[in-house]
Amino acid sequence: MGIQIEFNPDLALRSIEEHKNGNRATEECIPKDLKAGKTYDFLKGGQRNYWLHGEIPLLETKGNEVLSRPRASIVILEATHFLENKQMFTKGKYKVTGVFTDDGIHFESYKKI
């Protein structure tokens, strides 16, 4: 048995509708009123590592690696791993640096354009 850890080049959260329907916690979802300059909490299942030295894309996930185009550019401010009922989670805070309202290309790999 090894240590299971995932390295994520982005932060992928669910639609806020998942919270409204009672399926997810607020921190697992993209806020409806996402605004540049604001800081938000996030929660992900599993032990995840994020890049902390620059901007990464915020994506919406439908699960099973079905991801949207970037919804915003964010900076992860902190990430903490913890156990709850023998399950691993990662929680933290991110700051929105820009919100995207089009389908244009805003990142090339890890580099914000």
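Residues numbered from 1 in each chain as written. Predicted model: local features only at pLDDT ≥ 70, side-chain atom pairs only at ≥ 80, totals over all residues. Heavy atoms only, no water.

Engineer: How do you make sense of the overall build of the chain when you look at a structure like this?
Structural biologist: Helix and strand counts for the chain stand at one helix and ten strands. Listing every helix and strand of the chain by position from the N terminus yields β-β-α-β-β-β-β-β-β-β-β. For a compact globule of 113 residues, the expected C-alpha radius of gyration is about 13 Å, and the chain comes in at 14 Å, within 12% of that figure. Expressed as lengths along the three principal axes of its C-alpha atoms, the size of the chain is roughly 40 × 30 × 25 Å. By residue count, 35% of the 113 residues in the chain fall in the buried class. The contacts in the chain between residues at least 6 apart in sequence include a share of 59% that link residues at least 24 apart. Distance between charge centres in the chain, computed from 17 positive and 16 negative side chains, equals 2 Å. (Helix = DSSP H or I, 4+ residues; strand = E, 2+ residues; numbered from the N terminus. Rg over C-alpha atoms; globule rule 2.2 N^0.38 Å. Buried < 20%, exposed > 50% of the residue type's maximum accessible area, 1.4 Å probe, protein only. Contact = heavy atoms within 4.5 Å. Lys, Arg positive; Asp, Glu negative; His and termini not counted. Charge placed at Lys NZ, Arg CZ, Asp CG, Glu CD.)

Engineer: Which parts of the structure should I look at to understand the pattern of salt bridges?
Structural biologist: Pairs can form between side chains of opposite charge once their charged atoms are near each other. Enumeration over the complete set of coordinates arrives at five salt bridges. The salt bridge partner of Arg 24 is Glu 28, with a shortest N-O separation of 3.3 Å. Residue class for Arg 24 comes out partly exposed when judged on its relative accessible area of 28%. Ionic pairing is found between Arg 71 and Glu 60, a salt bridge with its closest N-O pair at 2.8 Å. Of the two residues, Arg 71 is situated in the loop between β6 (66-67) and β7 (72-84) and Glu 60 in strand β5 (residues 56-63); the sequence distance between them amounts to eleven residues. On the basis of relative accessibility, which here comes to 34%, the residue Arg 71 falls in the partly exposed class. Judged by relative accessible area, which is 15%, Glu 60 ranks as buried. (Salt bridge = Lys/Arg side-chain N within 4 Å of Asp/Glu carboxyl O.)

Engineer: Just to check I follow, could you spell out the side chain of Arg 14 for this structure?
Structural biologist: Relative to the elements of secondary structure, Arg 14 occurs in the loop between β2 (11-13) and α1 (16-20). Residues contacting Arg 14, with those up to four places away along its chain left out, are Arg 24, Glu 28, Cys 29, Ile 30, Glu 60, Thr 61, Lys 62 and Gly 63.

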